[in-house]
Amino acid sequence: MPDDIDRRTFGRRLGIAAVAGALHSLPDAASGQGSGVIQPAARGEELCDLSAIELAARIRRKDVSARDVMSAHLARIERVNPKVNAIVTLVADRAMADAARADDLAKGGTPGPLHGLPVAHKDLVDTAGIRTTRGSRFYRDTVPTRDALIVTRMRAAGAITVGKTNTPELGAGSQTFNDVFGATRNPYDLAKTCGGSSGGAAVALACGMVPIADGTDFGGSLRNPAAFCNVVGLRPSPGRVPVETNSWSPLSVSGPMARSVADVALFLSVLAGPDARGPLTNVEDGARFRAPLGRDFKGVRVAWWKGLGGMPFEPEIRTVIDSTRRVFEGLGCAIEEAEPDFTGVAEAFAALRYTSNYAQNSALVRQRPEWVKDTIKFEVAEAERLTAADVGRAIARQTLMYDQSRQFFEKYEYFVLPVTQVAPFDVSIPYPTSIAGTAMTTYIDWMRSCWYVSFMSNPAISVPAGFTAAGLPVGLQIVGRHRDEWSVLQLAHAFEQATQHGKKRPAIV
């Protein structure tokens, strides 16, 4: 029996996380069904609220054991996950056994930088012996026999897999729901979405169920849920974190998520580094990301967004983001209103996204169309309507965008803008159909503020920037020069330390 089909712990610990159903039949995520009455925080759960850096340090000093840390996180999962449905496959017994082995290893070996830290993997990422559903009925019982490269790197660094986090069907869309596990809810308001597609990861982090979690990003899937859940998500430059799928595309990347910028940097130090399986791989050693993040920003030139060519934003998003300008000025930055030329990017990005999804999903649509959600079928149909000339023009625009970005960042070191155009919306809505009175033409149109940046091929981070009047998180996006994740992390860290927005945790914890 695979590790994840541990009936004794799976049903008891996950509650509604194992309940299937899409938006039309959402489980009552606040009921905690399947886990009984929610108990007060377990003794030792305070470990769940420490940073990854502090947890790893305490384990190395033997102030706590890996088993102590894992027990605390499993208790937090059991208590909180039924409300939010973030972790959808749990391997509690395996995690505790691995924690015991980690403690034995620490007696005589040299612990890795993530030694003893619980980690959950996005349910798109292959994990040997643990089912990987991709949020799709096609894969609901799939148990891979090998680990993805990033999983291998995490485990080599000492991290311990606790389970898998929810994702939209086949990773498509920035709202986390599927027919296998249902929807993941925003911990700041259970009636709202957590975003996506790394939505389960963002919620698990915000709730202290894990200190670090991996994600992927094509059009904003690391940044959008981070913004909606008040955590940090870094979209690295293409090739910084080698990937085995979509490996030639500069649009699809994998990257780190955590509750602080320093924890993201630590995590990136493990994920980054060359690998022959990634044709775009960056040869720089990831260990550099474990250096101190402090820096003087006096006189550093920052381009402040101007509106992205008239793109619609909810007024509260504008208000929160623009209020942070004084923070950068207080850091000594020289602010100018400027942005790259995004003319034609909407058409080009859509064409490349449609063709990518066609390659991955068209066979599934032909095989069982009733098992595929309408938005994916739409993208496959759109790809079939594209001509070779359409794709050629999209690739040419992508090439030009890279050159325009290079020239833009010769003048500025950073570009600052909102992560999202909207605040978290109702969890029963697949995607916003209008923003500030402007109709959205597709299910990805409301996320242009993210995928315009994806098209640049520059590193970008989502960092907590404040809250709406209703208490919903808003994220700030900092974009840096090509392959200069270090500089992006430094400014994000300085902003984080100046504002402390990321320290606010959801009340359900």
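All residue numbers here refer to positions counted from 1 along the written sequence of the relevant chain. Reporting in this predicted model follows two pLDDT cut-offs: at least 70 for local features of residues, and 80 or more for side-chain atom pairs to be given and counted; totals over whole chains, interfaces and linings ignore these cut-offs and use all residues. Hydrogens and water are ignored here; the side-chain numbers use all heavy atoms of the structure.

**Q** What exactly am I supposed to notice about unusual backbone geometry here?
**A** Most peptide bonds take the trans configuration, and most residues that are not glycine carry a negative phi. Following Gly196, the chain continues to Ser197 via a peptide bond in cis, the omega torsion being 10 degrees. Structurally, Ser197 is set in the loop between β7 (189–193) and α6 (199–206). Although it is not a glycine, Asn230 sits at a positive phi angle of roughly 65 degrees. Secondary structure elements are defined from DSSP: runs of H or I of at least 4 residues count as helices, runs of E of at least 2 residues count as strands, and each element is numbered from the N terminus. Residue placement: Asn230 occurs in the loop between α7 (223–229) and β9 (232–235). Classification of Asn230 by relative accessible area gives buried; the value is 0%. Phi at Arg483 takes a positive value of approximately 60 degrees, unusual for a residue other than glycine. As for its placement among the helices and strands, Arg483 is situated in the loop between β17 (473–480) and α15 (485–499). Relative accessible area serves as the criterion here: at 36%, Arg483 is assigned to the partly exposed category. Relative accessible area decides the class of each residue, using a 1.4 Å probe on protein chains only: under 20% of the type maximum gives buried, over 50% gives exposed, and in between gives partly exposed.

**Q** Please explain the pattern of salt bridges as it appears in this structure.
**A** Side-chain pairs of opposite charge can arise whenever the charged atoms involved come near each other. A pair is scored as a salt bridge if a Lys or Arg side-chain nitrogen falls within 4 Å of a carboxyl oxygen belonging to Asp or Glu. Summed over the entire model, instances satisfying the criterion amount to 34 salt bridges. Asp217 is the partner of Arg223 in a salt bridge, and the nearest nitrogen-oxygen pair spans 2.9 Å. A relative accessible area of 0% means that Arg223 is categorised as buried. Of the charged contacts, one joins Arg301 and Glu336 as a salt bridge, the two residues approaching to 2.4 Å between their closest N and O atoms. Placement of the pair is Arg301 in strand β11 (residues 301–304) and Glu336 in strand β12 (residues 334–337), with a sequence separation of 35 residues. The exposure class assigned to Arg301 is partly exposed, which follows from its relative accessible area of 32%. Its relative accessible area of 26% is what places Glu336 among the partly exposed residues. Overlapping salt bridges, with partners in common, bring together Glu45, Asp49, Arg76 and Arg79 in one network.

**Q** Mind showing me how you'd approach the state of the cysteines here?
**A** By definition, a disulfide is the covalent link that joins the sulfur atoms of two cysteine residues. Two cysteine sulfurs form a disulfide in these notes if their separation is within 2.5 Å. Inspection of the entire model under this criterion finds zero disulfides. Between Cys229, a free cysteine, and Cys194, which holds the nearest cysteine sulfur, the sulfur-to-sulfur gap is 5.2 Å.

**Q** What should I look at first to understand the sheet that holds strand β2 (residues 118–122) in this one?
**A** Sheets are built from strands that pair by backbone hydrogen bonding, the pairs being arranged parallel or antiparallel. For two strands to pair, DSSP has to find at least two bridges joining them. Strand order in the open sheet made by the 11 strands is β1-β3-β2-β8-β10-β9-β16-β17-β13-β11-β12, with mixed pairing throughout. Each edge of the open sheet carries a strand with a single partner, namely β1 (87–90) and β12. Sheet twist, expressed as the average angle between the axes of neighbouring strands with direction ignored, equals 30 degrees. Here α15 sits on the sheet in contact with β9, β13 (414–418), β16 (460–467) and β17, set at roughly 10 degrees to β16. Here the axes come from fitting lines to C-alpha atoms, over the contacting stretch only for helices, and the angles between their N-to-C directions go from 0 to 180 degrees. Note on contacts: a residue pair qualifies if any of its non-hydrogen atoms lie within 4.5 Å across the two residues.

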